[in-house]
Amino acid sequence: MVAATFDTVGARTRWFYVGMSSVFVLIAFGGFIPTYWAKLASGTFTGAPILHIHGTLFFTWTLFFLAQTTLVATGRVLDHRSWGMAGISLATAMGFTVVLAAINSMKVADTIGMADQARRFSIVSLTALVMFAGFFGTAIAQVRRPEVHKRLMILAMIPLMQAAMARLFATALTPPGVIGPPPVILSVPPGLTVDLLLAAAIIYDWRTRGRPHPVYLVGAPLLVAQQILIVPLSATPAWMSAARWVESLTG
């Protein structure tokens, strides 16, 4: 009887992760409807080619993540592991495009006299990349500890959702005619909104385990700290020097 109860809880938990993955897909695609998909459909999108590559890799990643959680939920764990190297390769390529997209934004902003504002705002995507890489790399290292691995992967997904959520906020709240990168502080509300997904995962742990998993107890404060501390850090000479160095990577 006890074994059957644990099996039921385990099955529900696996499908909970599929549900979380589905929400990630909806946010990633839905968040970019106003600023990317709609403009792409109407032929009015004018961004650089790197933005198409960047978007394609990130949208592919969310679908890949959904497929991977579904494989586990349906008992195809070996298939899940077999696709692991593809996931590592995809994540690595994503990282390069984050840097290149940030550089592109800085160079575009320079043409309208807003280069410093773009350099400050680049802290949002570049530190989110660091968070993603840290959680993802640790998740790969803990692949043989599934309870740790899957929660680290949820943590890794949270920074990736911030850009899509920010697009929704910008579409709803930005006055017409505003150009250039927004102030860094405007990245905080979308980031904290995405954190509600992490809160849902923690609450689910609480209900099924009786307590949050230690991975969340460490990872959640790190995510929130990153989202908040980038505001004062973005205006420091140290960050501006770092942003100029990143910008110089493409000459």
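Figured I'd write up the structure that's included with this text. (Residues numbered from 1 in each chain as written. Predicted model: local features only at pLDDT ≥ 70, side-chain atom pairs only at ≥ 80, totals over all residues. Heavy atoms only, no water.)

**Comments concerning the overall build of the protein chain**
Across its full length, the protein chain carries 10 helices and 0 strands. Taken over C-alpha atoms, the radius of gyration comes to 19 Å for the protein chain, in line with the 18 Å a tight globule of 251 residues would show. By principal-axis analysis of the C-alpha atoms, the protein chain measures approximately 70 × 40 × 35 Å. Per-residue burial over the protein chain gives 41% buried out of 251 residues. The long-range share in the protein chain, meaning contacts at least 24 apart out of those at least 6 apart in sequence, stands at 79%. Positive and negative side-chain charges in the protein chain, numbering 17 and 8 respectively, have mean positions lying 4 Å apart. (Helix = DSSP H or I, 4+ residues; strand = E, 2+ residues; numbered from the N terminus. Rg over C-alpha atoms; globule rule 2.2 N^0.38 Å. Buried < 20%, exposed > 50% of the residue type's maximum accessible area, 1.4 Å probe, protein only. Contact = heavy atoms within 4.5 Å. Lys, Arg positive; Asp, Glu negative; His and termini not counted. Charge placed at Lys NZ, Arg CZ, Asp CG, Glu CD.)

**Some remarks on the pattern of salt bridges**
A full pass over the atoms with the stated rule returns 7 salt bridges. Here Arg-119 and Asp-116 are joined by a salt bridge, their closest N and O atoms 2.7 Å apart. Note that Arg-119 and Asp-116 are positioned in helix α6 (residues 115-141) at a spacing of 3 residues, about one turn of the helix. For Asp-116, a relative accessible area of 33% puts it in the partly exposed group. As a salt-bridge pair, Glu-147 and Arg-151 come within 2.9 Å of each other at their nearest N and O atoms. With a gap of 4 residues between them, Glu-147 and Arg-151 both fall in helix α7 (residues 146-173), about one helical turn apart. (Salt bridge = Lys/Arg side-chain N within 4 Å of Asp/Glu carboxyl O.)

**Details of the packing of aromatic side chains**
Under the definition given, this model contains 14 aromatic pairs. Consider the rings of Phe-132 and Phe-136, whose centres lie 5.6 Å apart with planes at 10°: the pair is stacked. One end of the pair is Phe-132 and the other is Phe-136, both in helix α6 and 4 residues apart, which spans about a single turn. Like Phe-132, the residue Phe-136 is buried in the burial classification. Grouped by ring-pair contacts, the aromatic residues Phe-29, Phe-32, Tyr-36, Trp-37, Phe-45 and Phe-59 constitute a single cluster. (Phe/Tyr/Trp six-rings, centres within 6.5 Å; stacked < 30°, edge-to-face > 60°.)

**Section: a nonpolar patch on the surface**
A surface patch of nonpolar side chains, about 250 Å² in accessible area, is lined by Ile-33, Trp-37 and Leu-40. Within the secondary structure, Leu-40 sits in helix α2 (residues 33-42). (Patch = residues over 30% accessible without salt bridge, like charges linked within 9 Å, V, L, I, M, F, W, Y side chains within 5 Å. Areas by Shrake-Rupley, 256 points an atom, 1.4 Å probe, with all protein chains shown as cover.)

**Some details on the environment of Thr-174**
With respect to the helices and strands, Thr-174 occurs in the loop between α7 and α8 (188-209). Here Ala-170 takes part through its backbone oxygen, which lies 2.8 Å from a polar atom of the side chain of Thr-174. (Polar contact = N/O pair within 3.5 Å; in protein donor to acceptor, adjacent residues only side chain to side chain.)

**Describing the packing of α6 against α7**
Packing of α6 against α7 brings their axes to within 8 Å, and their N-to-C directions diverge by 165°. The angle between the axes of α6 and α7 places the two elements in the roughly antiparallel class. Remark: the crossing between α6 and α7 carries left-handed chirality. Each of Ala-128, Met-131, Phe-132, Phe-135, Phe-136, Thr-138, Ala-139 and Ile-140 in α6 lies in contact with α7, whose residues at this interface are His-149, Leu-152, Met-153, Leu-155, Ala-156, Pro-159 and Leu-160. For the contact of α6 with α7, the class distribution of residues is 13 nonpolar, 2 polar and no charged. (Axes fitted to C-alpha atoms, helices over the stretch in contact; angles between N-to-C directions. Parallel < 35°, antiparallel > 145°, perpendicular 65-115°, else oblique. Left-handed = near helix turned anticlockwise from the far one by under 90°. Nonpolar A, V, L, I, M, F, W, Y, C, P; charged D, E, K, R; others polar.)

**Notes on the packing of α6 against helix α9 (residues 214-233)**
The contact between α6 and α9 brings their axes to 10 Å, and the two run at 160°. In terms of their interaxial angle, α6 and α9 are classed as roughly antiparallel. Crossing of α6 against α9: the hand is right-handed. Judged by residue contacts, Ile-123, Val-124, Thr-127, Ala-128, Met-131 and Phe-135 of α6 engage Gly-219, Leu-222, Leu-223, Gln-226, Ile-230 and Leu-233 from α9. Across the contact of α6 with α9, the residue classes break down as 9 nonpolar, 3 polar and no charged.

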